[in-house]
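# Coordinate analysis (summary)
Chain by chain, the residues run as shown.
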Amino acid sequence: MKSKTTSYISKYPRRIRVILMLLIIAICCITLWYEFGGEPNFKKDTYYELITGIAFTTITVFIISIFNWMIGTKEIHELQREYTLSNIMDLLIGNTPGNNNIINELYTIEATNKILRNIATSISDVIREDLDYKVYIYEDANGDVEMNQNICYKRHFKLPPDSPDECYLNLGFAFNTESLNKLFEENIYFFREEITDVNLIQKLTEAVDKRDTKAISKLIKLKITIILNNEQEQSIPTECLEVDPICLDDVIIGFVVRTKVKYEDKKEGMRSYCCRITFTIPAPEHRRFYCIFADPSIGSTRFAFQVSPKVVKDINDIDFVEIITRAGNGTAHIKRVSEYVREFRTKDAILPKSAIIAFW
């Protein structure tokens, strides 16, 4: 808390403040000399206190200056690095006043997409095509906030030489962030998700331990359908599902649901299948949702985020952090399509590790 004298003085210009402070010091010195100047050893004690005070003040100021210099230099370097990286990314993705990016300046849109598709094919064993991702946050009859997810895309993948003809769709569910990160170490998964609700984790752990796919499917309302060439969807029965636990020190920290699917042979040594999955779990308590692009995405990408009016009164209260490679332009790609739905769309190729983050 500032004293009244300091606050009063701070109102004046700098030069006047200095004069006032010197005047106050002079008055204090005169008063001290007038009242105690006749006492024995007054001069000696005064000089001793004055010199000691100046010495300690000088040392303190020196140490503080060194400390501030070290911290300030580190902060300046970090800010410069962040600023440089930010400028580079803005130039690449087109987050500039003219909404132009380096790639588009050199190539047409068609050539750009072809280049990025070739890059994705050459650097990755897995590519997603025509991703359609819907998330719905709502309140159920019991007043619990649930999160329904609906994901559909065509998955292209490479297999090592002499691989078996069998093809599996793998879904990974983690019970904590550590096990989720473990799932990201492999690109065999059609989809990965973290479950945070303690009660649901306990029930799922018991079902996984028994390899009870029927109970697991019921607990998370899991449905898997294969999309055929004629775009008809064929549901996969629960009996065709397999489940394996993910363990750490004999403790179940997640599980994998898999099922055998038919595939097509494609050019560039890739195979492919198209699938849709839907499931429902409790919405995370931290009220955040992450859509992470772990694999390159080509074709049309659509991400829709819908929220019930019982959960959020105004869709405009939802904040999005868009970190999409090649999308850029701030949140230009996220639009309000109805009263309680916001949507992201792009036909640009998206390279990993990109993401969309929603806060509600």
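The structure we're discussing is the one just above.
Structure report, in brief.

## Some words on the packing of helix α7 (residues 198-209) against helix α8 (residues 213-220)
For the pair α7 and α8, interaxial distance at closest approach is 8 Å and the crossing angle is 160 degrees. Relative to α8, the element α7 is oriented roughly antiparallel. The handedness of the crossing between α7 and α8 is left-handed. Contacts between α7 and α8 involve Leu-200, Lys-203, Leu-204, Ala-207 and Val-208 from the former and Ala-215, Ile-216, Leu-219 and Ile-220 from the latter.

## Digging into the pairing of strand β10 (residues 271-282)
Burial of β10 is extensive: 12 of the 12 residues sit out of reach of the surface. Of the pairings in the sheet, the one linking strand β2 (residues 145-157) to β10 comprises 12 bridges and is antiparallel in character. In the sheet register, Tyr-153 faces β10, and the bridge partner there is Cys-275. Where strand β5 (residues 223-227) and β10 come together, four bridges link them in antiparallel fashion. Within the sheet, the bridge partner assigned to Thr-225 lies in β10 and is Arg-276. Bridge count between strand β9 (residues 264-265) and β10: two bridges; the pairing is antiparallel. In the strand pairing of β10, Asp-265 is matched with Arg-271.

## Some words on the packing of aromatic side chains
Taken as a whole, this structure holds 14 aromatic pairs when the rule is applied. Pairing Phe-173 with Phe-279 gives two aromatic rings, centres 5.5 Å apart and planes at 90 degrees, and the pair type is edge-to-face. Of this pair, Phe-173 sits in strand β3 (residues 168-174) while Phe-279 is found in strand β10, placing the two residues 106 residues apart along the sequence. Ring geometry for Phe-289 and Phe-305: centres 6.4 Å apart, planes at 45 degrees, overall tilted. Highlighted residues: Phe-289 in strand β11 (residues 288-293) and Phe-305 in strand β13 (residues 301-307), separated in sequence by 16 residues. Both residues of the pair, Phe-289 and Phe-305, belong to the buried class.

The rules behind the values
Residues numbered from 1 in each chain as written. Predicted model: local features only at pLDDT ≥ 70, side-chain atom pairs only at ≥ 80, totals over all residues. Heavy atoms only, no water. Axes fitted to C-alpha atoms, helices over the stretch in contact; angles between N-to-C directions. Helix = DSSP H or I, 4+ residues; strand = E, 2+ residues; numbered from the N terminus. Parallel < 35°, antiparallel > 145°, perpendicular 65-115°, else oblique. Left-handed = near helix turned anticlockwise from the far one by under 90°. Contact = heavy atoms within 4.5 Å. Buried < 20%, exposed > 50% of the residue type's maximum accessible area, 1.4 Å probe, protein only. Pairing = 2+ DSSP bridges. Phe/Tyr/Trp six-rings, centres within 6.5 Å; stacked < 30°, edge-to-face > 60°.

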